[in-house]
There are 2 protein chains.
Amino acid sequence: MPSLSVYKSSLDYSYAPGFFPAMECLQHAPQRVRRVLIHTEAVHTPAGEKLTALAEEKGKRVEIADRVLQKVSGKENCYAAAVFTKEEMPLRPDRPHIVLHHPSDSGNVGTILRAGAGFEYEDMAVIRPCVDVFDPKTVRASMGSLFQMRVRLFESMEDYQAAYPEHTLYLFMLRGARPLQEVLAGTVAEPYALVFGNEGSGLPDSFAERGYPVRIESSDRIDSLNLSVASAIGCYAFRFRK
Amino acid sequence: MPSLSVYKSSLDYSYAPGFFPAMECLQHAPQRVRRVLIHTEAVHTPAGEKLTALAEEKGKRVEIADRVLQKVSGKENCYAAAVFTKEEMPLRPDRPHIVLHHPSDSGNVGTILRAGAGFEYEDMAVIRPCVDVFDPKTVRASMGSLFQMRVRLFESMEDYQAAYPEHTLYLFMLRGARPLQEVLAGTVAEPYALVFGNEGSGLPDSFAERGYPVRIESSDRIDSLNLSVASAIGCYAFRFRK
């Protein structure tokens, strides 16, 4: 097996850093796990023993790899990781989707994966250009929820819509949009996709024509909501609509 | 005026880094601004001129301070900042409160300030031990919303409750709690406080007796929601309850 490298987006594998994300990876996507890394100091801890047992159950090799773990995690301490194959998956055409257009922060993408999984979403489309969705930082922020979601990348919104023409788009934007409360008081078309724009620039105004523009009502005391907060509220509100 | 230091929590001042947060500080808390810092390269940009004009209107000195800005921002580029006096404020006893118990991440506190301000909350109590709520990282994550909120620190939950005995507590916890949807379908007591626990450990189980435990319903696919996401959903849901 070739030696492991510091993560870069050109690799065909990535790292799920931390015990919890590594366990999630083994549990929900064992076919993607290449091996499991553990730090000398963690081998005989309860978390280390639990991870090793699960890896053995799934037939995966566990390696002591203090140096690689140090390199993978950068500044933060990291005592375990799963090495996994990066893999896109087709989204289910009959399920609601989350669509992120040009997200630029890996922490946000991870946080949205986690919230999405929490509110029963299983499918996420990400429109390029975007941050690397398989970056270990994304996996960490997702707390391993990445391995419970189907994630697929697209070159453009047109490509996404061509692949999933059945989905009605609800576009979260600031200008000219109907309040979320009002939209949810009416009928929501199914299957639907919740579409969120870039952290700084939001969605292009022209996207309004592609579906139903929606605005999370907030006071004029703030310019906008943080992307992961807005996405989580969107997922929550659609999930629990009456 | 003494020379400016790299931020540390023992100082009685802090920095609002970035044009937007610095403008917010000048706009909403001019009495707390000591001076405004700007980078040579930003002086003649539109953002630089707007900031300088606002500082002059508020009678504040603007200094070119390339080195200090570099020190304040760490790795990220930072072309402007407001130097402000750290100050706690009494909370309004008749308004809803956000209460953070032992928060440990400055980004989360900032994101919650921003979402809170967006949903008409103006008062936040923070229970020690906690991250430094005046850290420039908090200010940055809040996008300057810190200056639109009254923030007060307490040594314990008992101290907070002694200061604001009128508030009914809604405690966001995982165990033994009623679903948020169900709680909101009933009557919400006013004034109320939404209480959120630490990122890793949540609220102590014993807190359940202090008020109404509430749980944001999420699937068993995730362990818990991210703190800033949970807090923002709590604020949103209480704000827009029927």
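Here, the structure is the one placed above.
Our subject in this report is the structure included herewith. These figures come from a predicted structure and were not determined experimentally. (Residues numbered from 1 in each chain as written. Chains lettered and ligands numbered in written order. Predicted model: local features only at pLDDT ≥ 70, side-chain atom pairs only at ≥ 80, totals over all residues. Heavy atoms only, no water.)

### A closer look at the interface of chain B and chain A
The figure often quoted for interface size is the accessible area lost as the parts come together. Between chain B and chain A, the residue contacts involve 34 residues of the former and 34 residues of the latter. Counting every contact that joins chain B to chain A gives two salt bridges. Across the pair A:Glu122 and B:Arg221 runs a salt bridge, and its minimum N-O distance is 3.6 Å. If you look at where chain B meets chain A, you find 12 residue pairs in polar contact (both at pLDDT 80 or more). At the level of elements, α1 (19-28), α4 (106-118), α7 (180-185) and α8 (227-239) of chain B are the ones that each hand at least two residues to the side of chain B that touches chain A. At six residues, α8(B) tops the list of elements feeding residues into the side of chain B that touches chain A. Split into classes, the residues belonging to the side of chain B that touches chain A amount to 15 nonpolar, 10 polar and nine charged. (Contact = heavy atoms within 4.5 Å. Salt bridge = Lys/Arg side-chain N within 4 Å of Asp/Glu carboxyl O. Polar contact = N/O pair within 3.5 Å; in protein donor to acceptor, adjacent residues only side chain to side chain. Helix = DSSP H or I, 4+ residues; strand = E, 2+ residues; numbered from the N terminus. Nonpolar A, V, L, I, M, F, W, Y, C, P; charged D, E, K, R; others polar.)

### Brief notes about the sheet that holds strand β8 (residues 168-172) of chain B
All names here are of chain B. Pairing within the open sheet is parallel, and its seven strands lie in the order β7-β6-β5-β10-β8-β11-β9. Two strands bound the open sheet, and with one partner strand each, they are β7 (150-154) and β9 (178-179). When β8 meets strand β10 (residues 192-196), the two strands line up parallel, connected through four bridges. When the bridges of β10 are listed, Thr168 appears paired with Tyr192. Across the sheet, α4 touches β5 (97-101), β6 (123-127) and β7, and the angle it forms with β5 is around 170°. Across the sheet, α8 lies against β5, β8 and β10, angled at about 160° from β10, the strand it touches most. (Pairing = 2+ DSSP bridges. Axes fitted to C-alpha atoms, helices over the stretch in contact; angles between N-to-C directions.)

### Topic: the pattern of salt bridges
One pass over the full model with this rule turns up 28 salt bridges over all chains. We note a salt bridge from A:Arg35 to A:Glu63, for which the minimum N-O separation is 2.6 Å. Remark: A:Glu63 occurs in strand β3 (residues 62-64) and A:Arg35 occurs in strand β2 (residues 33-38); sequence separation between them is 28 residues. In this pair, the class of A:Arg35 matches that of A:Glu63, namely buried. In this structure, the salt-bridge partner of B:Asp12 is B:Arg34, at a minimum N-O distance of 3.0 Å. You can see B:Asp12 sitting in the segment before β1 (13-17) and its partner B:Arg34 sitting in strand β2 (residues 33-38), a full 22 residues away along the chain. Residue classification places B:Asp12 among the partly exposed residues on the basis of a relative accessible area of 46%. What you see here is one network of salt bridges that share partners, running through A:Arg95, A:Glu122, A:Asp123, A:Arg150 and B:Arg221. (Buried < 20%, exposed > 50% of the residue type's maximum accessible area, 1.4 Å probe, protein only.)

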